Structure formats: C-alpha cells, structure tokens
Amino acid sequence: MTTAPSTTTDEAPQDPAPAPSKSSWAPLRPLVLRLHFYAGVLVAPFLLVAAVTGLLYAASFQAEKVVYDHELTVPAGERKLPIGEQVAAARKAHPEGTVSAVRPSPEADATTRVMLSDVPGVGEGHTLAVFVDPYTAKVRGSLEQYGSTGALPLRTWIDEFHRDLHLGESGRLYSELAASWLWVISAGGLVLWFSRRRALRKVRGTSGRRRTLGLHGTVGVWTAAGFLFLSATGLTWSAYAGANIDELRTSLGQATPSVSAAAGGEHAGHGSAAGQAGDAAHGVGLDKVLAAARAEGLGDPVEIVPPADAESAYVVKQVQRSWPEKQDSVAIDPADGEVTDVLRFADYPVLAKLTRWGIDLHTGVLFGLANQIALMLLAIGLVLLIVWGYRMWWQRGRGTAFGRPIPRGAWQQVPPQILVPLLAGVAVLGYFLPLFGIPLAAFLAVDILLGEIAYRRGKRSYGSGTPAR
C-alpha cells in the first residue's frame, strides 16, 4: 500500500505509549511498522520506476493506434482477397527471412499481418510484421513486432523499459524486486491503517504530518487491492519467482497446455507450436487451413502458424486477449486439410486460466481502455504514496533532515508461539520469492550488526528509552 511510511503522532517513540493491550496483535504492531517503514524507504525507488514506466505502458496501447494508424487500418472494402494472395504480396515486398505466422484481418478496417522471422536487423525474439491491405493486397508498411499481443516499436520499447530498463536479463531483477515487495508493503500498510483509532484516520481538518499521513493512508487503502493484484500477477512471469511458480503449477498438473503440432498428436504439456517456413504455402494452403479452423468454431482474431517441418501440422490459434478470451487452437494436416488436434480454452486447468486472465489484466488488454485507465490510476496512486511517504519521513525531522527511523527490538516483544510460525512462513516465502527473501535476510544481518555496534557503544535503544540487548 505505502512506500515510505513513518509513524503517526501516537506511534512516534517520544509520545506516550497507548494503553497496554492483551491481544496478540499488540506486540506485532511495532514489528509490522518497522518492516513497513524500512521496506518502503528502501524499495520505493524501484517502485517509483515501475510505477512511471507502468503508467507509460498502459497509455501506449492507445498511442500505438494513433502512431501506426496507416499500417494498422485501411478503408473497408467489399470483399477480402484470399489469404494466400495477401501473403504472396508481402513476400514480394519482403523476400527476406521466413514466414513465422499470419494474422488475417480481424475487422473490416484492419490490415493483415504477415510475420517474418530471421530477418537481418530485427532483434532476437522479434519479428518483422508486414501490413497488407486485405482488399487490394497492397503492402501498407512493415514494423518490428514483439510478443503475443503484437506490440509495435513504441509499445515494445516502453514494455522493455518497464520490464528490464533495457538492461536485458539482469535488468529484470529490478521489476521482480518491486513486485516481490509491493504486496508486503501494501499488506503491512493496510494492517497498520485499520489498527489505528478511527479518529486518527481522518484527513479533513488536519495539517502538517497528520494530514500527509491521512492522505497517504486513505489513498493506500483504496489502491491496496490493485497493488496486491499487480504484485501477484507480476511475479508469475518474473525471472526467479516466475520459474518457481511455473514449477509448482506443473507439479500440480496446472500447466498451460498447447495443441500438438505433430499430425494426429495429443495435447502437449507446455509451450506452443511454432513454425518457420519460407512462404507459408504448404500442402492445401493457407485458405483451406483457415476454412478448416473456421469450421471448428475459431472466429477472429486468429493466427496461422505454418508447419515447422515436413512432419508438422499447421496450427491455427485464437489470439483475442480481451474479454471474453478467445484462446482455442487447432492443428491441421497440410496434406489433406484435416483437423488433427483441437484444444479449447474451456478445457484449460483452473490455474492456467487464472494465470492467463491475471497477466492480461495486468498488461491492460483484458478490458481494453477501462483496464488501461485503471492501471494508469494505480500507477499515479503509487507515485503519490511514495512522495507522501518520503514527506512524512522528512516531517518527522526538524525541517532540515529526515526523521529518525523506527526503533529496533520490536521482534523481542513477540511471543514465541507467534514468532516461530511467523519466521517459518517468511522462510518459505523467501525460498519461493528469492528477491523478497535475500534482501530481507541482508537487511536483518546489517540491522543486527548495527544494533550490536550501537549496544557496545551504549547507544542502543528500543523505543522505551532503556538500553536493551
């Protein structure tokens, strides 16, 4: 929820302590407060970058439609030409590389995309998308494309900036660190806010640090659910936590299936069939393949993947990520146009469906413009929370320096019957979320070392004014 929180007037060490409570929550609150404070202070810079780049990414969907309008749209005509003819026109204009997929025009005013792989000058993992007028077979242009949503250069650049700061695999650590701690900060902030006396939560009629805290807490409460969701879904395709989640899903039989590209094959366990073949014209041809897929109920938008080799089939799959999802796929024998395998999205395992929906909601495609606006509001909210959090920390000082940190020793007040299970749970989470566990262990080690140094100098205090060890 929050990113650089601090104590309130009734939480500050110099104020009178509240009346003792016999609830199990009383000894936990200082521990949550300390974790919330330090996590916010230390992780806030990473969250700020993720929020700003995420805001840009959410806006890039609409910007892409404007910037690439010429390539994406055409005047609606009366009759679309055969897919094979459109692909031939694209290959005539761009004979380089091989055809890796074709996305027939899904709407009356949309172009057909012919994706070429192994094109010189096109980045690894990217394709060159050639845009063809489906009514005239005229090539409208070509652009580099990335990902299953067909991101064009503008959105691709912002996407990579958000994901890894254009630093490659090492850069992904920043976004995974942010996702690994956002839920901790949000959940801790929620607990702290609702544990406060109602009279101390108000914003109206307050000033100074109390007002900043009120704004910080109120906005945090309203946005916390969104942050928890973004954190959870962001981790599903992160480098380390994502691999652990995939492994867990596989062990539970909840991996995302794919249609078999082998003629007459069964559903595969992972991944998706992909093919690269010169001009994509194999056997019965693209138009008969598309007709066979239509007969199986695959409506637009679809993507046709040519056979990878002589032993493989065509794969036609729906690529609609907006609600309702269209993710059915079929494999079609290039020799006779017969359907050899069918996979329905309705038959996906539950966790595979939830993962698909979660990722699409996180990336702003599930509910279109409304989804993207909601993500932009969450990003703005996170930026405000970071600013207010650091402001509260400053306001705890004397106007010339940041305020004091939360005192040490809170964990010593937690009863063993609560502390031991809590530590065990944190250890398990740290194993599955290494960029949560490793920074937490490092912080604890440094904090203990600094505390020991302060103790030996006779300056270690735990908020009550009395030294303790």
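Here goes a summary of the coordinates provided. (Residues numbered from 1 in each chain as written. Predicted model: local features only at pLDDT ≥ 70, side-chain atom pairs only at ≥ 80, totals over all residues. Heavy atoms only, no water.)

### A few points about unusual backbone geometry
Part 1: The omega torsion of the bond from Asp300 to Pro301 falls at -5°, within 30 degrees of zero and hence cis.
Part 2: The topology assignment puts Pro301 in the loop between α8 (286-295) and β5 (302-305).
Part 3: Omega for the peptide link from Trp323 to Pro324 comes to -5°, which places this bond in the cis form.
Part 4: Along the chain, Pro324 turns up in the loop between β6 (314-318) and β7 (329-332).
Part 5: Positive phi outside glycine occurs at Asp118, with the angle close to 60°.
Part 6: Position of Asp118 relative to the elements: it lies in the loop between β2 (112-117) and β3 (127-132).
Part 7: According to the relative accessible area criterion, Asp118 is exposed, its value standing at 57%.
Part 8: The backbone phi angle of Leu165 is positive, close to 60°, even though this residue is not glycine.
Part 9: The residue Leu165 is located in the loop between α4 (153-164) and α5 (172-195) in this model.
Part 10: Take Leu165: its relative accessible area is 25%, and that puts it in the partly exposed class. (Helix = DSSP H or I, 4+ residues; strand = E, 2+ residues; numbered from the N terminus. Buried < 20%, exposed > 50% of the residue type's maximum accessible area, 1.4 Å probe, protein only.)

### Remarks on the pattern of salt bridges
Part 1: Enumeration over the complete set of coordinates arrives at 11 salt bridges.
Part 2: We note a salt bridge from Arg344 to Glu296, for which the minimum N-O separation is 3.3 Å. With a gap of 48 residues between them, Arg344 in the loop between β8 (339-343) and α9 (350-362) and Glu296 in the loop between α8 and β5 connect regions that are remote in the sequence.
Part 3: For Arg344, a relative accessible area of 25% puts it in the partly exposed group.
Part 4: Its relative accessible area of 28% is what places Glu296 among the partly exposed residues.
Part 5: Taken together, the shared-partner salt bridges in this structure form one network comprising Arg103, Glu303 and Lys317. (Salt bridge = Lys/Arg side-chain N within 4 Å of Asp/Glu carboxyl O.)

### Comments concerning the nonpolar core
The tendency in soluble globular proteins is for nonpolar side chains to be buried side by side.
Part 1: Within the largest apolar cluster, 29 residues are counted, with the highest numbers of intra-cluster contacts made by Leu47, Trp181, Ile185, Phe227, Leu382 and Phe436.
Part 2: Those elements that place two or more of their residues in this core are α1 (28-67), α5, α6 (208-236), α10 (368-395) and α12 (434-456).
Part 3: No other element matches the eight residues that α5 contributes to this core.
Part 4: By size, the runner-up hydrophobic cluster in this structure holds 25 residues, among which are Ile83, Val87, Val289 and Tyr314. (Core = buried A, V, L, I, M, F, W, Y, C linked by side-chain atoms within 4.5 Å.)

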